[in-house]
Amino acid sequence: MSKEYPVVSIVAPMYNEGSNVQYFYERVSAVLQRLHLDYEIICVNDGSKDDTWNRLKQLSLQDTRIKAIDLSRNFGKELAMTAGIDFSRGDIVIPIDADLQDPPELIPDMITKWREGYDVVYATRIKREGETRMKKLTAHLFYRTIRKMTQIDIPADTGDFRLMSRPVVDALKQLKEHHRFMKGLFSWVGFKQTSIPYLRDSRHSGKSSFNFWKLWNFAIEGITSFTFAPLQLFTYFGVTVSLASFLYAIFMVIRTTLYGNPVPGYPSLMVAILFFSGVQLMTLGIIGEYIGRIYNESKRRPLYLTREAVGMEEENQSKDYAQKLIKIK
Ligand code: UDP
Ligand code: MG
């Protein structure tokens, strides 16, 4: 353990969290101070439209352990978290939601597990407070589906709130894909993992920026990032249909030669055509989802752009990360 670097790095992505910043800082600091370990709190402003950035800047002036990064626009939670993780220097890194839905009081327990030799300690929700029945149901279905469809073991009911040791973080930093389904990437890297259960609180204030459509896209992201199963599914489906129609054709030939063909069969023809047009369009759509992602990855753009960073030493800022650090004077 190097003297200069903090032991614990907290990473919090923030999008329109102005009303939570102060409370978040106080509650997290209270927990960390009791640990008597060196720490840093890295807050990433993900293109907020409110006063989040100004508040963060203020905080970083008051407390040198607060580091704040301002992304050039809204890049989404996954990339904001990636930015924070890239800038972190601690022996352990803990991403946490700024709305305090992840209780920071769990951090000491996580650290205990880390000292026992685990590299990843994730927090598994056993109950969700203040969330709609619909969200709970869809979240439940999502975790179960993705676990069935992909080969990697993504733990159910686990958010991004987890402790990662430095080797895990360094492994994670090597994954440069744009379509970042963090929960999947966290699992993909492997290492020795364990979990601790907790109750998920409702937001401290403000409202969730995830609506149904966003969550749906998030689910597609998760599935397409980690499995070809949907593409393969249609191969088998096609084979089954072709085989069935081949058998049906033989049956038709035999029946026509034996009994003739008294009915022209327009309705069944229509049904067959419409059904298979539908299947074809759907298949094309699924292939499109993958091709779109190949296209995006092939552009090799930086994952995110930072506009300003405060509370960090120059040498840390100029490190060769995947992104370009643009300082606007
Ligand atoms: N967040 C972000 N960028 C976004 C959306 C959300 O950085 O585009 C952050 C947000 O500030 C919070 C965390 O991601 O710290 C979780 O967001 P939210 O509470 O809206 O999601 P939920 O808890 O409903 O899954
Ligand atoms: Mg939340």
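Now for a quick tour of the structure. In this text, all values refer to a predicted model and were calculated from it rather than measured experimentally.

1. Description of the nonpolar core
Core analysis: the biggest nonpolar cluster contains 38 residues, and L71, I85 and L172 have the highest contact counts within it. The leading source of residues in this core is helix α3 (residues 77-87), at six residues. Ignoring anything within four residues of it in the chain, the contact list for L172 reads I85, M164, R180, L185, F186 and V189. In this structure, Y25, L32, A68 and I107 belong to the second largest nonpolar core, which totals 36 residues.

2. Quick word on the packing of helix α1 (residues 18-35) against helix α4 (residues 107-115)
Contact pair α1 / α4: the axes reach a minimum separation of 10 Å and the direction vectors enclose 40°. Between α1 and α4, the angle is such that the two are oblique. Residues V31, L32 and L35 of α1 form the contact with α4, whose participating residues are I107, P108 and I111.

3. A word on α4
Of the positions making up α4, those classed as buried are I107, M110, I111 and W114. Taken end-on, α4 shows its buried residues confined to a sector of 100°, consistent with a single buried face. Phi turns positive one or two residues past the end of α4, at G117, with a value near 115°.

4. Notes on α1
Here α1 contains 18 residues, and its C-alpha end-to-end distance of 27 Å stays within 8% of the 26 Å for a straight helix at 1.5 Å per residue. Among all positions of α1, only G18, N20, V21, F24, Y25, R27, V28, S29, V31 and L32 are buried. On its buried face, α1 sits against β1 (8-14), β2 (39-45), α2 (52-62), β3 (66-71) and α4. Looking one or two residues beyond α1, the residue adopting positive phi is H36, at roughly 55°.

5. With respect to the pattern of salt bridges
Counting across every chain of the model gives 13 salt bridges. R89 is the partner of E40 in a salt bridge, and the nearest nitrogen-oxygen pair spans 3.5 Å. Here the residue E40 occupies a position in strand β2, and R89 occupies one in the loop between α3 and β4 (92-95), the gap between them amounting to 49 residues. The same class applies to E40 and to R89, which are both buried. Among the ionic contacts, a cluster of salt bridges with common partners joins K57, D70, R307 and E308.

6. Here's the deal with the coordination of the magnesium ion (ligand 2)
Looking at the metal site, the magnesium ion (ligand 2) is ligated by D99 (OD) and Q101 (OE1), spaced 1.9 Å from it. Across the pair, Q101 and D99 agree in class, each one buried.

7. Some remarks on unusual backbone geometry
Positive phi, normally seen in glycine, also occurs at H36, with a value near 55°. With respect to the secondary-structure elements, H36 resides in the loop between α1 and β2. Accessibility expressed as a relative area gives 71% for H36, which makes it exposed. With a phi angle near 70°, F191 is a residue other than glycine that sits in the positive phi range. Assessed through its relative accessible area of 40%, F191 is described here as partly exposed.

Rules behind the numbers
Residues numbered from 1 in each chain as written. Chains lettered and ligands numbered in written order. Predicted model: local features only at pLDDT ≥ 70, side-chain atom pairs only at ≥ 80, totals over all residues. Heavy atoms only, no water. Core = buried A, V, L, I, M, F, W, Y, C linked by side-chain atoms within 4.5 Å. Buried < 20%, exposed > 50% of the residue type's maximum accessible area, 1.4 Å probe, protein only. Helix = DSSP H or I, 4+ residues; strand = E, 2+ residues; numbered from the N terminus. Contact = heavy atoms within 4.5 Å. Axes fitted to C-alpha atoms, helices over the stretch in contact; angles between N-to-C directions. Parallel < 35°, antiparallel > 145°, perpendicular 65-115°, else oblique. Arc of directions from axis to C-beta. Expected span 1.5 Å × (residues − 1). Salt bridge = Lys/Arg side-chain N within 4 Å of Asp/Glu carboxyl O. Donors = N, O, S within 2.8 Å, 3.2 Å for Na, K, Ca; no water.

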